[in-house]
Amino acid sequence: MNGIEQTLIGGVSGGTSILLPALGELISERAGVINLGTEGAMLAGALGSYAMTQSSGNIWLGIAAGIAGGALVGLAHAWLTVRRGGDQIASGLLLWFLALGVTSVYGTSYVGTVITPLSNIAIPGLHNIPWAGPILFDQDILVYASYFLVGIIWFVFYRTRVGLTLRATGERPEVVAATGGKPQLVQIAAITIGAGLGGLGGAQLSIGYVGNWFNDMTSGYGFVAVAVVLFAAWRPVRVLAGAYLFGIVLAAASVLQAHGVSINQYLLDAMPYLATLIVLALFARRGRSDTPEALTRSLSRSGT
Amino acid sequence: MPISRNRRVAGVLALALVAAVATACSSSGGSGGSGSSGSSSTAKQTVGFIMVGSNSDYGYNEAVYAASQKLAKDDPSVKVITADNIPENNAVTQTMQSMVDKGAKVIFATSYGYYAYAQKFAAAHPKVIVLHQGGFNTGKFTANFGTYWGQAFEPVSLGGMAAGGLTKTNKLGFVYAFPISQTIANIDAFELGAQSVNPAAKTYLVNTSNWCDPLKQKEAAAALIGEGADVLTQHQDCQATVIQAAKAAGKYVVGYHYDAESLDPSGWLTGSAWDWAPIYEAITKVALDGTFAGSKYNANFVGSFQDNDNPLTLASFGKSVPTSLQSKITAEETALKKPGASVFTGPITCQDGTTLVAAGKTMTYAQINAISCLVKGVVGTLPKS
C-alpha cells in the first residue's frame, strides 16, 4: 500500500465522520434552520451508540441509538427555534454546551474502555478495482450508508415533491403556507432528521472508526461540518467533496509525517481547514449559490 | 403579539438550559468533593487537589485522584478535598481560594498549565503551602511553594526495550501531541531503549497537536501501521484509540499513563503507569510538620529511579513478552536504580550527527528538561516555530 492510497483510505473513513453530520446540516439548513447544535448531536450520537453497543453487544442497536441520540438534540432545537421562535444561533450553541455537559457526566464511566469497531466489509468484485477498490469498497457499513445517503438526498431534493416543499420552506415559507403546506412541521422534521444524521456521524466516529469513547471526542468536527455546508453552497455533491477533502488532507498530515517528510507541522495542522476553505470558496464563486433565503428567519405558526 | 411572547418563552427556556448545564458541570466537579473522605473533626488537616480533567479519565487525572484518596486512607489525620475539570485559567485561582476558605493548608495544583496561577497564589498566601505538578521554576522559590515531577523517560526507555525486542519490521510508531521537551525526552528514551536490544530499530513520529483527539489519533496510528510499524506507543492524555488501532491491526502496543493490559492482553507489551501516592504522602507529611520551608520539596523536586521515588513506574508485562526479554528489562530497571545511572549516558548522537552526550558523560535533569534534539534512529522532524 503506498502513501497516496493510504491517505485516500483514511480520508474516506475519517471524512465520513464529517460527511454524515454535514448532510444532516444540509437538510436542516435547506429548510431554513441553522443547527450549530450539530456538534452536540454528534456527541450524543457518539455516546449513545457506544453505550448501546457495549451494553447490548449489538451493533445495529448501537447505530439506532446513535441516530436517536442525535435526533433528540434536533428535537430540542426544533422546539426552541421553530415552536418557540428562539434564536437559531443561540439555541444551537446552548444545545452544544448541554450535550457536552450531559455526555461528559454520563460518558465518564465509558472512558478507558474499548469495543471492536465496525469491521470493514469488502464488496465482492468492486473491491478488486485497482485504486478505487480498496479506497471506496473496503470500508465499514456506515461509510457505505453515507454513499447511498448522498444519492438519496440529491434525489429527494431535486426530483421529488417532498424535496420541493423542503427547499420552498427554506426559501419562501409563506408560499408553502399559501399552498396548504405546514412550513413549521417541515422544519421540525428536517431539523430532527438532520440531527439524527449528526448522531450517525458521531456513531461512525465512536463505534465505526475508533472503537472507544472519550469526553468531547468530536473535537469541533461538528462545526467543521456546518462550515462545509456553507462553503459547499448548500449542494449535496459539493458537501460530499468538501467532507472528503477535509478528511483526505487530515489523513495526509499523518501519512506525510509517518514517511518522515519534513513539513512545518503547524502548516500541516492548518491544512485541512485551509484546503477545504480555499477549494470550496473557489467553486462557490463559479456556479450559483443555493443559500436558502429564509435561513435563520423565525416563522409564525401560520408559516409567515 | 404571539412572536414576542414566544421569544420570551424561548429566553426563559434558554436560561433553564444554562441552569441545566451548570448543574451538569457542578455535579461532575462536585463528585470529587463528595468523594472527600473522613469527617470534619477538628484534629484533621485539610489537603486540596485540583485536576484539569475528569477524575475518572482512565489516565493522568485519574492517577492523581486515586493517589489523593490513598493519602486520605493512609493518613487518618488528613482530610482530602478534590476538584476536577478545573480549566487552566482564573478558575484555578478561585478553586484554590475556596479550598483555603474550607481550611486547606496544602494545595496540589496538578496540571502543567496551572503553574503561573499556583506560583502567584503561593506568593499571596504565605500560610498556605502550594505544590505544582510538572512545573520547573528557574527563579526563586517562596518558602511555601514547590514543584515536583518524575523522570518520566526512565520507564519509557524500558518500554522501548520491549518494543525493540519484539518488532519484526524494526519500525516503531510514536504518536505524540506537542514537541515539548518532556515529550522529546520520552521519544529519545524510547528509541534509546529499543536500540539497546535491537540496534536496527527505528522510531517513526506522528504528532496530533492535541492531547486527545481520537480522529487524529486513529489517522496517526493508521499511517504508522501503513508505514510498517508493528509496535505503537504514545504520549497522549487518552490512549484507548491507539491501543484499539493496534489491537485491530494485530500489532503490539506500549502504554503510557496507566496499565491498560486488560484492553488488549495479547498486544500489550508493557508501559508506564503513574503512582503518585508516595510523593503526595511524603510532601504532605513535611508540609503539615511545619518543616516544608527549605526542604527538598521547597524546590524543583524530581523523583527518579536512582532515588527510588519515581512517580512513573514500569507497568506489567503482557503475555507476548518472552521471559528472557522481561528479565533483561527488569535487570536494566535495577541498573538504572544505581546512583549516578542515567538513560542519557553518552555516547548519544542527534539525528543530524551532532553529539548530544559525549562518551562517558551523562545529562543533568536540567539539560534533559531543555532537550530539543531527536536522537539518531528517530525518523521524523519536530515542528519549527
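Residues numbered from 1 in each chain as written. Chains lettered and ligands numbered in written order. Predicted model: local features only at pLDDT ≥ 70, side-chain atom pairs only at ≥ 80, totals over all residues. Heavy atoms only, no water.

Trainee: What should I look at first to understand the interface of chain B and chain A in this one?
Mentor: How big an interface is tends to be stated in terms of accessible area lost as the parts join. Taken residue by residue, the interface counts 53 residues in chain B and 50 residues in chain A. Contact between chain B and chain A buries roughly 4,100 Å² in total, counting both sides, with carbon and sulfur atoms accounting for 63%. Inspection of the chain B/chain A interface yields zero salt bridges. Seen at the junction of chain B and chain A, the total is nine residue pairs in polar contact (both at pLDDT 80 or more). Secondary structure elements with two or more residues in the side of chain B that touches chain A: helix H1 (2–34), strand E7 (202–207), helix H7 (214–227) and helix H8 (240–248) of chain B. At 15 residues, H1 of chain B tops the list of elements feeding residues into the side of chain B that touches chain A. Here the residues of the side of chain B that touches chain A sort into 30 nonpolar, 13 polar and ten charged. (Contact = heavy atoms within 4.5 Å. Buried area = accessible area lost by both parts, 1.4 Å probe. Salt bridge = Lys/Arg side-chain N within 4 Å of Asp/Glu carboxyl O. Polar contact = N/O pair within 3.5 Å; in protein donor to acceptor, adjacent residues only side chain to side chain. Helix = DSSP H or I, 4+ residues; strand = E, 2+ residues; numbered from the N terminus. Nonpolar A, V, L, I, M, F, W, Y, C, P; charged D, E, K, R; others polar.)

Trainee: Please explain the pairing of strand E2 (residues 78–83) of chain B as it appears in this structure.
Mentor: Each regular strand shows side chains that alternate between the opposite faces of the sheet. Residues and elements named next belong to chain B. With six of six residues buried, E2 lies mostly within the body of the structure. By the bridge criterion, six bridges tie strand E1 (residues 45–50) to E2 in an arrangement that is parallel. Residue pairing in the sheet places Val47 in a bridge with Val80 of E2. Viewed along the sheet, the connection from E1 through helix H2 (residues 60–74) into E2 turns out right-handed. (Buried < 20%, exposed > 50% of the residue type's maximum accessible area, 1.4 Å probe, protein only. Pairing = 2+ DSSP bridges. Right-handed = clockwise from strand over helix to strand, strands pointing away.)

Trainee: Sorry if this is basic, but what is going on with the nonpolar core here?
Mentor: For soluble globular proteins, the rule of thumb is that nonpolar side chains tend to be buried together. The biggest cluster of nonpolar side chains holds 75 residues, and the ones touching the most others in it are Phe108, Tyr148, Trp276 and Phe344 of chain B. Residues Leu118, Leu197, Val239 and Leu250 of chain A belong to the second largest nonpolar core, which totals 60 residues. (Core = buried A, V, L, I, M, F, W, Y, C linked by side-chain atoms within 4.5 Å.)

Trainee: Help me understand a nonpolar patch on the surface in this model?
Mentor: A surface patch of nonpolar side chains, about 720 Å² in accessible area, is lined by Val261, Ile263, Leu267, Leu274, Leu277, Ile278, Val279, Leu282 and Phe283 of chain A. Examined against the element boundaries, Phe283 of chain A turns out to sit in helix H12 (residues 265–285). (Patch = residues over 30% accessible without salt bridge, like charges linked within 9 Å, V, L, I, M, F, W, Y side chains within 5 Å. Areas by Shrake-Rupley, 256 points an atom, 1.4 Å probe, with all protein chains shown as cover.)

Trainee: Help me understand the sheet that holds strand E12 (residues 312–314) of chain B, please; the structure alone is not making it clear to me.
Mentor: In sheet architecture, strand pairing relies on hydrogen bonds along the backbone and comes in two forms, parallel and antiparallel. Residue and element names in this part refer to chain B. The sheet built from seven strands is open, its strands ordered E12-E10-E9-E8-E6-E7-E15 with mixed pairing. In this open sheet, the two edge strands, each paired with only one partner strand, are E12 and strand E15 (378–379). Pairing geometry for strand E9 (residues 252–255) and strand E10 (residues 268–274), over two bridges, is parallel. Across the sheet, Gly255 pairs through a bridge with Gly271, a residue of E10. This element, helix H5 (residues 153–166), spans strand E6 (171–176), strand E8 (231–235), E9, E10 and E12 of the sheet and lies at about 175 degrees to E10. (Axes fitted to C-alpha atoms, helices over the stretch in contact; angles between N-to-C directions.)

Trainee: In this structure, what is going on with the environment of Val224 of chain A? I would like to understand it.
Mentor: Residues and elements named next belong to chain A. You can see Val224 is positioned in helix H10 (residues 221–231). The buried category is assigned to Val224, whose relative accessible area is 10%. Not counting the four nearest positions on each side in its chain, Val224 is found in contact with Ile18, Phe246 and Tyr273.

Trainee: Quick question: what am I supposed to make of the packing of aromatic side chains here?
Mentor: Two aromatic rings, taken as a pair, are described by how far apart their centres are and by the angle between their planes. Residue and element names in this part refer to chain B. For the structure on display, the rule yields 27 aromatic pairs over all chains. Plain terms: the ring middles of Tyr60 and Trp149 are 6.5 Å apart, the flat faces sit at 40 degrees to each other, and that makes the pair tilted. Of this pair, Tyr60 sits in helix H2 while Trp149 sits in strand E5 (residues 145–150), placing them 89 residues apart in sequence. No difference in accessibility class separates Tyr60 from Trp149, as the two residues are buried. Taking the centre distance of 5.7 Å and the plane angle of 45 degrees together, the rings of Trp149 and Trp276 count as tilted. Of this pair, Trp149 sits in strand E5 while Trp276 sits in the loop between E10 and helix H9 (277–289); the two residues are 127 residues apart in sequence, bridging distant segments of the chain. In terms of burial, Trp149 and Trp276 fall into one category: buried. An aromatic cluster is defined as three or more aromatic residues linked by ring pairs; in this entry it consists of Phe49, Tyr60, Phe108, Tyr148, Trp149, Trp274, Trp276 and Tyr280. (Phe/Tyr/Trp six-rings, centres within 6.5 Å; stacked < 30°, edge-to-face > 60°.)

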